[in-house]
Structure formats: C-alpha cells, structure tokens
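In case you want the letters, here they are:
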Amino acid sequence: MSLALSQSTVSSDYLGFLNRSAAFRPKIEFELDLKNFVIKTASTPEELREIIRLRQHSFLEDFLGADAHQHLDFDDWDMLADHIILKSKKTGEIVGSYRVLSTSFASKLFSSEQFDLTHFESSPDIKVELGRAVIHKEHRNGLTLSLVWKGIAHYAQITKARYLCGCASTKTLSQRIAESIFWHLYPAHFDEQFKAKVLSSFEHPGEFNPTDLLPWDFVSEAIPPLLKTYIKAGSKICSRPAYD
C-alpha cells in the first residue's frame, strides 16, 4: 500500500519518525505461512513504517477525515512493542496489524498512561497488551480478523502470557453514552480483582448518575465492534471509561 503525503506532513516530526524508526527491532519473531497470507511480527524498520502508513490511512482518516494528514499516529510505544502483521501473498502489502506489548520485556503498559494499573502490573504473571488494531478497509471481514487473532494466540503462547489486556476506544465525546455502555455491561462483565482506576487527569469533570442510563437498544449500537469482540471472547471490563 502506498500513501501520498501532503507537503504539510513532511515536517520535522515526520522526518524525526523516519530517523527514529530506523532503530526498530523486533523483540520476539515468528512467521506463520498460510494459504493467502503470512502472519508474522514486524521485523524491519520498513515494515514498521508501512504499519504507520496503514494506521494513518485507515484509523486516523476514519476518525479525523480530511484533517488526518496533520497527525502522525506514532509514539514511543511503537518502538518498545512488537507488531503482529498480516501480509497479503498476492500483493506483499500489510493489510492488518496489532501492536502487542509483553511484560516479558516491558515494565509498563500503554494503558497505564490513563489508568492506575499498579495492582495488575505488580502481579507476577506475564501479560500481553493489545492495541492499535487496524485492518485495511478492503480486507475487513471475519477471515482476516480471525487470522490476526491466530497470530495473537501464537504470540501469547511464545511469551507464556496468562493475560491479554488493552483498551477499546469509543467514538464519542458524550459522557452519557460512554457511561451508559459501562453500566449496562457492568453486571455481567465487570471484574474488580485488579483494582484498576481511571487516573484523575482522564476523569470526566461532570457527574454522572446511573439512573440517567440510555436505553440498551441505543447503547448496544454504540458499543465499539472491537469491544463487542473482546466481550464475546470472554474478556472482562476492569474500570470505568477514561476520557482522552
């Protein structure tokens, strides 16, 4: 996949990204050869750059539209993490990726920027944090998603992980929608054992009364597809929503 960059994108930040990404190295390497795809961990700076272009093209444009070119979806965690990628054998392009961060080589999780995970992070079991999931819009189907999850399962086995964890973003600025999702899911899907809490800087400034819940018919349509997938797979919610 190629992505044309506007003049404004070729900035000092972008050039800095090119320079920094040159130092990228995988922490854990594997490759699974399937019928039409290859699932592997990104192993070169060039593959990391292609992942960032895919995220720029798919994730940011979905959320930001025409303003996507003003943002670069790259941070320090991209250099620290591994990236599971799905490559098309037909085109050689990366059509899907998942950022994975294992506590076998990282002392902190990305989610700790928004949540107090002290209790969870201090437990001795290996965790793998999932984030920055993206599938090219022309390949968004059950097959490609299942293949990416096959790669995640393989990575978890290699690292001997007991827990998979991560955040799921809701495309809303409405406190009422976000809180309604949480409280509707709370009875069956909340787990308090890890005592996760939203950091004060990511708390919503307004008060929310659970009696103001939106009806389930509306809320069920507002739940992010990724969160629905996690819940269906047996995941638990460990905190109220953070607002970033």
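Residues numbered from 1 in each chain as written. Predicted model: local features only at pLDDT ≥ 70, side-chain atom pairs only at ≥ 80, totals over all residues. Heavy atoms only, no water.

A.B. asks: Explain unusual backbone geometry residue by residue, including any values.
C.D. replies: Backbone geometry places R132, a non-glycine residue, at a positive phi of 50°. With respect to the helices and strands, the residue R132 is situated in strand 6 (residues 127-135). Accessibility expressed as a relative area gives 25% for R132, which makes it partly exposed. Unlike most non-glycine residues, K160 shows phi in positive territory, near 60°. Summarising the element assignment, K160 is placed in the loop between helix 5 (142-159) and strand 7 (163-166). (Helix = DSSP H or I, 4+ residues; strand = E, 2+ residues; numbered from the N terminus. Buried < 20%, exposed > 50% of the residue type's maximum accessible area, 1.4 Å probe, protein only.)

A.B. asks: Run through helix 8 (residues 225-232), naming residues and quoting values.
C.D. replies: Every buried residue of helix 8 is accounted for by L227, Y230 and I231. The buried residues of helix 8 all sit within an arc of 100° when viewed along its axis, so they share a single face. Facing away from the buried surface of helix 8 by more than 90 degrees, the exposed residues are P225 and K232. On its buried face, helix 8 sits against strand 4 (94-102), strand 6, helix 5 and helix 6 (175-189). Two residues or fewer after helix 8 comes G234, characterised by a positive phi angle close to 105°. (Arc of directions from axis to C-beta. Contact = heavy atoms within 4.5 Å.)

A.B. asks: I'd love a proper account of the packing of aromatic side chains, names of residues and values included.
C.D. replies: All told, the structure shown has twelve aromatic pairs when counted by the stated rule. Measuring from centroid to centroid gives 4.7 Å for F120 and F194, while their planes differ by 70°, and the two rings are edge-to-face. Of this pair, F120 sits in helix 4 (residues 118-122) while F194 sits in the loop between helix 6 and strand 8 (197-198), and the two are 74 residues apart along the sequence. Like F120, the residue F194 is buried in the burial classification. On the numbers, 5.7 Å between centres and 65° between planes, the contact of F182 with Y186 is edge-to-face. Of this pair, F182 and Y186 are both found in helix 6, four residues apart, which corresponds to roughly one turn of the helix. Accessibility expressed as a relative area gives 32% for Y186, which makes it partly exposed. Taken together, F182, W183, Y186 and F190 form an aromatic cluster joined through their ring pairs. Its guanidinium or amino end placed over the ring of F110, R99 lies 5.0 Å from that ring's centre, counting from NZ or CZ. A cation over a ring is seen here: K127 above F120, with NZ or CZ 5.4 Å from the ring centre. (Phe/Tyr/Trp six-rings, centres within 6.5 Å; stacked < 30°, edge-to-face > 60°. Lys NZ or Arg CZ within 6 Å of the ring centre and 35° of its normal.)

A.B. asks: Help me get a handle on the environment of K150, residues and values and all.
C.D. replies: Here K150 is to be found in helix 5. Judged by its relative accessible area of 44%, K150 is partly exposed. A C-alpha to C-alpha distance of 8.3 Å links K150 and I39, two positions 111 residues apart in sequence. Ignoring sequence-local partners within four residues, the contact set of K150 consists of L34 and I39.

A.B. asks: Describe the pairing of strand 2 (residues 37-41), listing the residues and the values that go with them.
C.D. replies: Across the five residues that make up strand 2, a large majority, five, are buried. Residues F37, I39 and T41 line one face of strand 2 and the alternating positions V38 and K40 line the opposite face, and both faces are buried. Note that strand 1 (residues 31-33) and strand 2 share three bridges and pair antiparallel. Bridge assignment links L32 to a residue of strand 2, and that residue is I39. (Pairing = 2+ DSSP bridges.)

Nothing here speaks to function; it is geometry throughout.
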